[in-house]
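Overview (structure and organization)
Residue-level listing of the chains:
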Amino acid sequence: MKMEKDFFPVGREVAGIVLDVGSKVSFFQPGDEVAGILPLDSEDPGLCEAVQVHEHYLVHKPEKVTWTEAAGTIRDGVRAYTALHYLSHLSPGKSVLIMDGASALGTIAIQLAHHRGAKVISTACSLEDKQCLERFRSSIARVIDVSNGKAQVAESCLEETGGLGVDIVLDAGVRLYNKDDEPTVKLQLLPHKHDIITLLGVGGHWVTTEENLQQLIILCAFYPSWILQIATAFSSREQRWLSLMMKFGICQMYNRESIFLRILKDVMEKLSTGVFRPQLDEPIPLYEAKVTMEVVQKNQGRKKQVVQF
């Protein structure tokens with residue numbers, strides 16, 4: 001895959017109406033309402049009035065799902081689905097710690113874990129985040145407020161699980177060093193990597209966003225059967241990983257339906273049935289996209305931003 005470019009297309013998550021199809025297209029026809037994720041090597045940006053895309057990157061948009069919901073949820077739906085199902089084998093009765101639960105990814109992951117019958121624990125980085133998570137109180141067993149930097153995440157999780165530890169951790173970053181050595185206050189609010197290891201139960205799965213955390217299998221001397229599996233899924237290279245996943249999904253066909261397409265369809269179905277209730281801002285016009293992107297890059301916005309034509 002050639003990545004040596006000065007500029008990259010902006011806007012990978014798209015939703016719209018099919019204008020025209022090629023002679024070999026079998027899934028869609030003009031007029032169909034669709035949603036999908038453009039591959040990393042796409043020449044067309046999502047921020048334009050028309051894009052050319054392979055049919056294997058798209059699924060039909062349910063009638064009940066709005067354009068904003070489809071484009072604003074599909075990527076986080078794929079990320080949450082991959083983290084909880086494929087990387088950590090989520091099943092009913094398991095306990096899940098979802099860090100920064102008020103984020104766009106966090107809210108979708110909480111709803112997916114609750115839908116699957118898991119016990120959900122989450123963290124809040126501010127009073128506003130805590131109030132946001134209160135709306136999901138029926139889905140969350142415990143909210144840990146880490147905004148003051150004094151909360152003991154490991155102790156709280158062990159207390160909530162009766163000392164057994166959680167089965168799955170989906171983090172939003174971790175500290176690799178001591179608080180005094182971290183460059184920003186935001187990093188100081190993150191749990192230390194040793195805290196994550198402490199709060200994990202036997203055979204626990206840790207899905208991390210930290211690209212500098214080595215993928216390890218750690219054996220505990222006191223519990224020979226304890227194997228900790230760490231999977232790096234959402235680093236800064238996540239778009240490349242997602243693109244590869246889509247390509248592999250197309251190659252590994254099962255009943256003429258790729259793994260990736262099954263995930264996209266399931267995300268749309270959960271949106272349609274109300275399992276996913278995304279936290280989205282009002283759609284913005286194209287002329288405000290540049291300013292909005294700057295806000296998002298500075299992590300000043302919590303809700304997902306969708307550009308509407």
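Just above sits the structure.
Every chain is numbered on its own, with residues counted from 1 as its sequence reads. Predicted model: local features are reported for residues with pLDDT of at least 70 only, side-chain atom pairs are reported and counted for 80 or more only, and whole-chain, interface and lining totals are derived from all residues. Computation of side-chain values covers all heavy atoms of the structure but excludes hydrogens and water.

Focus: the pattern of salt bridges
Whenever a carboxyl oxygen of Asp or Glu lies within 4 Å of a side-chain nitrogen of Lys or Arg, that contact is scored as a salt bridge. By the definition in use, this model includes 7 salt bridges. With a closest N to O distance of 3.7 Å, R75 and E13 form a salt bridge. One end of the pair, R75, is in helix 1 (residues 67–87); the other, E13, is in strand 1 (residues 13–17), and 62 residues separate them in sequence. Using a relative accessible area of 23% as the deciding quantity, one classes E13 as partly exposed. Across the pair K119 and E160 runs a salt bridge whose closest N-O atoms are separated by 3.3 Å. Here K119, found in strand 5 (residues 119–124), pairs with E160, found in helix 4 (residues 153–160); they are 41 residues apart in sequence, far enough to count as distant. In this structure E160 comes out as partly exposed when scored by relative accessible area, which is 22%. A run of DSSP states H or I qualifies as a helix once it reaches four residues; a run of E qualifies as a strand once it reaches two. Both are numbered from the N-terminal end. Exposed residues in this analysis have more than 50% of their type's maximum accessible area, buried residues have under 20%, and partly exposed residues fall in between, with area computed by a 1.4 Å probe over protein chains only.

Considerations on the packing of aromatic side chains
The pairing test for Phe, Tyr and Trp rings, Trp by its six-membered ring, is centres within 6.5 Å, and the orientation test on the planes gives stacked under 30 degrees, edge-to-face over 60, and tilted for anything in between. By the definition in use, this model includes 2 aromatic pairs. Seen in terms of ring centroids, F27 and F28 are 6.4 Å apart; in terms of plane orientation they differ by 80°. Their pairing is edge-to-face. By relative accessible area, F27 is classed as partly exposed at 34%. We classify F28 as buried; its relative accessible area is 9%. A centroid spacing of 6.2 Å and a plane angle of 35° characterise the contact between Y81 and Y86, whose relative ring orientation is tilted. For Y81, a relative accessible area of 15% puts it in the buried group. Our definition puts a charge over a ring when NZ of Lys or CZ of Arg is within 6 Å of the ring centre and also within 35 degrees of the ring normal. A cation sits over an aromatic face here: K61 above W67, 4.6 Å from the ring centre.

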